Amino acid sequence: MKIASQLAEDRFPLMGRPLDMEWSRGGHARQSGTVSELWAHTLTWADVNPAQHPFEMDDDTAEKLASLVAPLLPNADVAREDRWRSLDPVTEFLAGRYGRWACGWNWSVGEGDVDGGVVEVWCCSSDSVTTPDATAPLVVEALQEWRGWLEELAERFAALAPPDSTPVSSADLWYWERACTRLVTVVADRTQAESGWYGHCMQVLRWFLAYNGIDEGQAEEIVKNAVGGRFGSWITPDVPVVDAVSSRFARGVGGIR
């Protein structure tokens, strides 16, 4: 067992870190100790920006990828017993091949492998892992669904951003309020507002700010002040709540100097 473990760490170096997953009372997944580089919640806009990470997948490429993924998959019993670690080799392989954005391939809706995501074709390791031949194409399909979401977000960001010639701090607050409202609405819809959905919602808002040139520290503070404590698991936010969050979000961006 020790030899096998060492071989796995040599082949997949990102696995050599603590992965003790805990759950908050609100259903939000978190890790004690070092945050995993494979954890989709840690992805930044630089990690996922489709313009910076080209990706194409035709039928032949998908079939080839599935053949490479299949040997990395655990058997169904291991997947049920060790939900998160059992898929680390797959995630590490995809991230190494395509970039860290691929870490979100199994960020499924609700309480799956990662809490509160948008991927529907993949449920969780304990339910989705069967035989390698059946599971590997499902992994590829889930990766494509996640990539499609990132590309959709990039298009939305471009449509919602202030005019190119307008400095962030002097743009009409209406642009930021509108963007927040629409992004919160679409994330709530895609995640079905299930367990921990607000984690990805806040991440998407940070990504939008990064898309517009706002640094990560400022983006984190703006989103935290706007959203903090106002969204909950299994609760689709009503209009007054979204309006209040969007107003605070816009004022936060407007306050940048």
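What counts as what
- Residues numbered from 1 in each chain as written.
- Predicted model: local features only at pLDDT ≥ 70, side-chain atom pairs only at ≥ 80, totals over all residues.
- Heavy atoms only, no water.
- Helix = DSSP H or I, 4+ residues; strand = E, 2+ residues; numbered from the N terminus.
- Expected span 1.5 Å × (residues − 1).
- Buried < 20%, exposed > 50% of the residue type's maximum accessible area, 1.4 Å probe, protein only.
- Arc of directions from axis to C-beta.
- Contact = heavy atoms within 4.5 Å.
- Polar contact = N/O pair within 3.5 Å; in protein donor to acceptor, adjacent residues only side chain to side chain.
- Patch = residues over 30% accessible without salt bridge, like charges linked within 9 Å, V, L, I, M, F, W, Y side chains within 5 Å.
- Areas by Shrake-Rupley, 256 points an atom, 1.4 Å probe, with all protein chains shown as cover.
- Salt bridge = Lys/Arg side-chain N within 4 Å of Asp/Glu carboxyl O.
- Lys, Arg positive; Asp, Glu negative; His and termini not counted.
- Charge placed at Lys NZ, Arg CZ, Asp CG, Glu CD.

**Student:** Mind showing me how you'd approach helix α10 (residues 216-227) here?
**Tutor:** One turn of the α-helix equals 3.6 residues, which is why residues spaced by three or four share an orientation. Between its first and last C-alpha atoms α10 spans 16 Å; for 12 residues at 1.5 Å apiece the expected length is 16 Å, and the two agree. Residues Ala219, Ile222, Val223, Ala226 and Val227 constitute the buried set of α10. All buried residues of α10 lie within an arc of 105 degrees about the axis, which places them on one face of the element. Summarising the contacts, the buried residues of α10 are in contact with α9 (197-211) and α11 (239-254). At the N-terminal end of α10, a side-chain oxygen is found 3.0 Å from the backbone nitrogen of Gly217, two or three residues along, and the residue is Asp215. Downstream of α10 by one or two residues, Gly229 has phi in the positive range, about 80 degrees.

**Student:** Could you clarify how one ought to interpret the environment of Ala134 in this entry?
**Tutor:** Mapping Ala134 onto the fold places it in helix α7 (residues 132-160). Sequence-wise, Ala134 and Ala66 are 68 residues apart; in three dimensions their C-alpha atoms are separated by 9.6 Å.

**Student:** Looking at this structure, I do not really get a negative patch on the surface. What am I missing?
**Tutor:** Where like charges cluster on the molecular surface, the negative patch consists of Glu56, Asp58, Asp59, Asp60 and Glu63. Overall, the relative accessible area of 58% leaves Glu63 in the exposed class.

**Student:** Help me understand the pattern of salt bridges, please; the structure alone is not making it clear to me.
**Tutor:** Between side chains of opposite charge, pairing is possible as soon as their charged atoms come close. Per the stated rule, a full pass over the model turns up 6 salt bridges. For Glu220, the salt bridge identified is with Arg206, shortest N-O distance 3.6 Å. With Glu220 in helix α10 and Arg206 in helix α9, this residue pair connects regions lying 14 residues apart in the sequence. On the basis of relative accessibility, which here comes to 38%, the residue Glu220 falls in the partly exposed class.

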